[in-house]
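Listed below, chain by chain, are the residues.
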Number of protein chains: 2
Amino acid sequence: MERALSGCSYPAVCERWGLFEITLHGPAEGNPFTEQSVSAVFTGAGQSVSVCGFYDGGGLYRIRFMPSAEGTHTFRITASFPVPEPEGSFYVAPASRSNHGPVRVKNTFHFAYEDGTAYYPVGTTCYVWALQSDDLIRQTLESLKVSGFNKIRFCIFPKHYLYNLHDPRSFPYEGTPMDCTLLTEDNFNDFNGAASGNNWDFTRFNPDYFRHIENCILRLQELGVEADLIIMHPYDRWGFSRMTQKQNDLYWHYLTARLSAFRNIWWSLANEYDLMPSMKTEDWERLAGILCNEDPYGHLRSIHNCVPFYDYTRPWITHCCIQRQDLYRTAEYTDEWRGQFGKPVVPDEIAYEGDIPCGWGNITGEEMVRRFWECAVRGGYPGHGETLPESGNILWWSHGGPLRGESWKRVRFLRRILSETPGTGLAPVRSEWDDVSAVPEEKDLAEKTGYRIYYYSFMRPSSREFRFEDNRARRVEIIDTWNMTVEDAGVHAGHFRIPLPSRPYMAIRMCFG
Amino acid sequence: MERALSGCSYPAVCERWGLFEITLHGPAEGNPFTEQSVSAVFTGAGQSVSVCGFYDGGGLYRIRFMPSAEGTHTFRITASFPVPEPEGSFYVAPASRSNHGPVRVKNTFHFAYEDGTAYYPVGTTCYVWALQSDDLIRQTLESLKVSGFNKIRFCIFPKHYLYNLHDPRSFPYEGTPMDCTLLTEDNFNDFNGAASGNNWDFTRFNPDYFRHIENCILRLQELGVEADLIIMHPYDRWGFSRMTQKQNDLYWHYLTARLSAFRNIWWSLANEYDLMPSMKTEDWERLAGILCNEDPYGHLRSIHNCVPFYDYTRPWITHCCIQRQDLYRTAEYTDEWRGQFGKPVVPDEIAYEGDIPCGWGNITGEEMVRRFWECAVRGGYPGHGETLPESGNILWWSHGGPLRGESWKRVRFLRRILSETPGTGLAPVRSEWDDVSAVPEEKDLAEKTGYRIYYYSFMRPSSREFRFEDNRARRVEIIDTWNMTVEDAGVHAGHFRIPLPSRPYMAIRMCFG
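A. Spatial organisation of the side chain of A:Glu294. Residue and element names in this part refer to chain A. As for its placement among the helices and strands, Glu294 is situated in helix 6 (residues 281-294). Here Glu294 is buried and forms no salt bridge, its nearest opposite-charge partner Arg286 lying at an N-O distance of 10 Å. A polar side-chain atom of Glu294 sits 2.7 Å from a polar atom in the side chain of His253. Each residue touching Glu294, except ones within four places of it in the same chain, is listed here: Cys52, His253, Thr256 and Ser260.

Right, dumping it as structure tokens:
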């Protein structure tokens, strides 16, 4: 049921945390992106929310809203052009079964959906999967469906980098790109930033481009996958990383107006922010301010480093999106970072399973899974990626497609183990010097359940000894994190020894039983 | 040909760096260890060396000397008892073919025999191999013979620890040990340090005990293996780690008098010095002084930590004997330690290949070999050990016996690769962020040969790219450090790419060709 005012249409009903959209007809002449404006105030359940609309091409303007409460809502539109009937109302129905709302920080270091449902982020990275062919996009979605990943990091802008030299399916601005036919894997860096031959109007967006991105976000939403959106990045030959600050502001305003009402988005201000010489800290802070002001739903916000960390104590940063700084120790710093920043730790780049020449993309599946467990048992949320080139140089890390590695299934298994944690999230506890172990983050649940998980990493003990003073019976399970098995090891109390199979990558889980 | 004075015998000829020994008859009554003294001054090749002798039981005293120059030498004995003909002479012949003298520090961070022959220490640890049965000692020597190890760390005193609860073949002092029949792997720590039931006379050594150790040192010498002697250690139920400082001094004087003249010894003041509560820094410094004063040959000296490092900048320390402080990064700190201490870095405990419950003894062969290469290509000298319990709980790490692991053969292969370095020793050089690489320590040789070695650790690049500005032809070899192969990869110049097999543990070596 769609209501239509004269030149203004919107649905009569929307579900909680659904995307409510008003479409208006308005001026198409001149430059509507810069010369027109449209916004609305939504009121319902005792709250008022002001949101900006955007021009979507062809004389159409849209205003989007994500209601976070049920019941009747009203709106009032304000625009730079006449809107015949600027007010209306609609009803917000209960969320459908698979809709738990946006993801929020919970228990300082963890996450949950707004309706309280547990959410353990198990993410992957496919930087420009959304800019590939329809066929490849379909394959990526199929891969995600079976993968167990519930978060995917990807870029809004196209990517120019090794294995990413072809033009994207379309461009975010009106204009024409530089010729890329002479680019090779050997000389691509010489073009980086030069951007000669590009001809863009940075004041005119290509609405098709963004509609396509939105469609991808919705496909992810259907799969229960969060879209961790990288707003800017340095891998660029088109000049999108070197726009003026005024042009950046226009882009960020446009993006927040278009995307904020999607419940399954996270904002990643940048990938490797420190590789963008035209951007200063004050610029990132100003752009973060746009997100804080214009995304009324407060979607999660972070920024990803190459080498130096951004100051994760900044109040607008909701979680620490971290690329490892050390070739050897990576996920093993998770507990230190928790202590340092007091926020969820999401080391979303801890190298990728693959065999390309670059050290960030050639670890084994075993090492990838080991890093996942090291991080998870320290109460953090690592990120996956695959750099195993198929014929045609299709790599999951950038293009999506089929998953070809060994780690993704084990990561899915880890997600299952995490989802069996009492309460929300694991808290690392010091145990022996040669294991990592964790209990539930909520202390009362930790004490009540006796839940504890121990991970032995690359070590291969033939047994481990436990000494508990309480002498309560504990059900013990042996987890083979690589072979993905959980084996009952009986009920024990006090001082006992659990035999293990002298293989790496084992864990032990126990709780009162 | 043995000359005999009345009550004094010695050989007429000794080879350079051989062990020249004078035997004297003297008083057996009272306590000759504390009540008598004997020493000699040796003169030859323009140098005089004063050495202490020792009481060897049965009314026999011995004075030992290691000549470092050829030609006629004379000596003059001084003793607390009458020596009828206290002077004599002997001839020092050239060293035999396999005798290169003691090992010295060379090129700041490396080692060589005194005759200049290259010595790349590739060491293993068998803490109390010398105190096992004759049969096990024979097995250990056979293992060493084929192993490629040219250094072995072991204790003078017996060891009380996990897997080490039985009594040694004999004891270093007169007296009787506590009863060990009630000790178990579970309660052994409760006995640690209590030492009740022991009955020792710490002023009376058991010469048989030390003669046996010396015999073991000679067997090692025949195999070209250096004896890295651990003088004290904390794993003790007999009280040898808790003697008074006066008792310690007596032991150290006795030991230096007996052992200094063996060319293939190194002094390790302690294993895990920081686990010995009765010892203070001033005690170690005093004991180091005994070594410096009474070992006239200046054998290599170091001290091994559990957690905090000893101050390796102390002038008496010739090389840094290091136990890793981090479960994850170990050998990877080698270059930092070189920079910090300006001495050879010998991380002789970087965990052992095995599967026992303890994290220091359950890494895989792959991880052991990886740590060796990480250290070696940073210009350091790591140590091996095996904790793979056989039936009867025989572990190479403590008892010796057969080598059962996967790493030792690869360590032997690494020794071969190191021995092919131009000059003496590797110097780490920064290359890419994701490899470690090294050139010869001697800059002129590095420039002349173009030798360079790159190691890729757990990463598995399918190729690596090189860009040299000099455009000189380089012969490239691909080294599989696990499968122990060296493959010719042709001659290349300037900018080139070397295909690799997408497996971990690969290295590339090149030189002008």
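Moving on from the coordinates now.
B. Structural context of the sheet that holds strand 3 (residues 13-15) of chain A. Residue and element names in this part refer to chain A. Within the open sheet, the five strands sit side by side as 3-10-9-5-6. Their pairing is mixed. The outermost strands of the open sheet, each flanked by one partner alone, are strand 3 and strand 6 (47-52). Direction aside, the axes of adjacent strands within the sheet are offset by 30° on average. Summarising the sheet, strand 5 (residues 38-44) and strand 9 (residues 71-79) pair through seven bridges and their orientation is antiparallel. Paired with Gly44 across the two strands is His73, which belongs to strand 9.

C. Up close: the packing of helix 8 (residues 365-376) of chain A against helix 10 (residues 407-419) of chain A. All names here are of chain A. One way to put it is that helix 8 packs onto helix 10 with a least axis distance of 9 Å and a crossing angle of 20°. Taken together, the axes of helix 8 and helix 10 lie roughly parallel to each other. The two elements helix 8 and helix 10 meet at a crossing, and its hand is right-handed. Across the interface between the two elements, Gly365, Met368, Val369, Phe372, Trp373 and Ala376 of helix 8 pack against Ser407, Arg410, Val411, Phe413, Leu414, Ile417 and Leu418 of helix 10. Residues belonging to the contact of helix 8 with helix 10 are distributed by class as follows: 10 nonpolar, two polar and one charged.

D. Examining the packing of aromatic side chains more closely. Residue and element names in this part refer to chain B. In total, this model carries 118 aromatic pairs over all chains according to the counting rule given. When the centroid spacing of 5.4 Å and the interplanar angle of 80° are considered together, the rings of Phe210 and Tyr254 count as edge-to-face. One end of the pair, Phe210, is in helix 4 (residues 207-222); the other, Tyr254, is in helix 5 (residues 245-259), and 44 residues separate them in sequence. The same class applies to Phe210 and to Tyr254, which are both buried. Its guanidinium or amino end placed over the ring of Tyr235, Lys159 lies 5.1 Å from that ring's centre, counting from NZ or CZ. Above the face of the Tyr333 ring, Arg329 is positioned so that its terminal group lies 4.4 Å from the ring centre.

E. Structural view of the sheet that holds strand 18 (residues 265-270) of chain B. Residue and element names in this part refer to chain B. If you walk across this open sheet you meet the six strands as 19-18-17-14-13-23, and the pairing is parallel. In this open sheet, the two strands that pair with only one neighbour each are strand 19 (301-302) and strand 23 (383-384). With two bridges joining them, strand 13 (residues 123-125) and strand 23 adopt parallel strand pairing. Residue Thr124 lies in a different strand from strand 23, and its bridge partner there is His384. In the packing of helix 6 (residues 281-294) onto the sheet, contacts are made with strand 17 (226-232), strand 18 and strand 19, and the angle to strand 18 comes to roughly 165°.

F. Focus on the packing of helix 2 (residues 134-147) of chain A against helix 4 (residues 207-222) of chain A. Residue and element names in this part refer to chain A. Two elements in contact, helix 2 and helix 4, have axes whose closest approach is 11 Å; the angle formed by their N-to-C orientations is 25°. As summarised for this structure, helix 2 and helix 4 are arranged roughly parallel, according to the angle between their axes. As helix 2 packs across helix 4, the resulting crossing turns out to be right-handed. On the side of helix 2, the interface is formed by Ile137, Leu141 and Leu144, while helix 4 contributes His212, Cys216, Arg219 and Leu220. Of the residues in the contact of helix 2 with helix 4, the class split is five nonpolar, one polar and one charged.

G. Main features of the relation of the copies chain B and chain A. After a rotation of 180° and a shift along the axis of 0.0 Å, chain B superposes on chain A with an RMSD of 0.0 Å. Both copies are brought into coincidence by an operation consistent with a two-fold rotation axis. Considering only C-alpha atoms, the residue of chain B closest to the rotation axis is B:Arg329, which sits at 3.3 Å. A share of 100% of the interface residues of chain B reappears at the interface of chain A, consistent with the copies meeting face to face through the same patch.

H. Looking closely at the interface of chain B and chain A. Contact with chain B, which involves 41 residues of that partner, is made by 41 residues of chain A. Of the roughly 3,000 Å² buried between chain B and chain A, counting both surfaces, carbon and sulfur atoms make up 56%. Ranking the residues of chain B by area buried against chain A places B:Tyr328, B:Phe458 and B:Arg460 at the top, with a combined share of 25%. Our count for the contact surface shared by chain B and chain A stands at two salt bridges. For the pair chain B and chain A, the number of links is 20 residue pairs in polar contact (both at pLDDT 80 or more). Elements represented by at least two residues in the side of chain B that touches chain A include exactly strand 22 (353-354), helix 8 (365-376), strand 28 (463-467) and strand 31 (495-499) of chain B. Of the residues that constitute the side of chain B that touches chain A, the class distribution is 14 nonpolar, 10 polar and 17 charged.

Procedures and definitions
- In this numbering scheme, every chain counts its residues from 1 along its sequence in written order.
- Whichever chain is written first becomes A and whichever ligand is written first becomes 1, with later ones labelled in order.
- Residues qualify for local features only when their pLDDT is at least 70, as the model is predicted, and side-chain atom pairs are given and counted only at 80 or more; totals for whole chains, interfaces and linings, by contrast, use all residues.
- The side-chain numbers reported here are obtained from all heavy atoms of the structure, hydrogens and water having been left aside.
- Numbering of helices and strands runs from the N terminus, with a helix taken as a DSSP run of H or I at least four residues long and a strand as a DSSP run of E at least two residues long.
- Exposure categories follow from relative accessible area, calculated using a 1.4 Å probe and restricted to protein chains: below 20% of the type maximum is buried, above 50% is exposed, and the middle band is partly exposed.
- Only four residue types enter the charge count, namely Lys and Arg as positive and Asp and Glu as negative; His and the chain termini do not.
- The working definition used for a salt bridge is a side-chain nitrogen of Lys or Arg within 4 Å of a carboxyl oxygen of Asp or Glu.
- Polar contacts, as counted here, are pairs of nitrogen or oxygen atoms within 3.5 Å of one another; within protein the pair requires one atom able to donate a hydrogen and one able to accept it, and residues that are adjacent in sequence qualify only if both atoms are side-chain atoms.
- A contact between two residues is defined here by any heavy atoms of the two lying within 4.5 Å.
- In short, DSSP must find at least two bridges between two strands for them to pair.
- Axis definition: a line fitted to C-alpha atoms, over the contacting stretch in the case of helices. Angles run 0 to 180 degrees between N-to-C directions.
- If an angle is under 35 degrees, it is roughly parallel; if it is over 145, roughly antiparallel; if it lies from 65 to 115, roughly perpendicular; otherwise it is oblique.
- Handedness of a crossing follows from how the near helix is turned relative to the far one, being left-handed for an anticlockwise turn of less than a right angle and right-handed for a clockwise one.
- Gly is put with the polar residues, along with every residue not named as nonpolar or charged; the nonpolar set is Ala, Val, Leu, Ile, Met, Phe, Trp, Tyr, Cys and Pro, and the charged set is Asp, Glu, Lys and Arg.
- Ring pairs shown here join Phe, Tyr and Trp side chains whose ring centres sit within 6.5 Å, with only the six-membered ring taken for Trp; geometry is labelled stacked below 30 degrees between planes, edge-to-face above 60, and tilted in between.
- Placement of a charge over a ring requires the Lys NZ or Arg CZ to be within 6 Å of the ring centre, with the centre-to-atom vector within 35 degrees of the ring normal.
- Overlaid copies result from least-squares superposition on C-alpha atoms, with residues included only where pLDDT is at least 70 in both.
- The term buried area means the drop in 1.4 Å probe accessible area that two parts suffer when joined, counted for both and summed.

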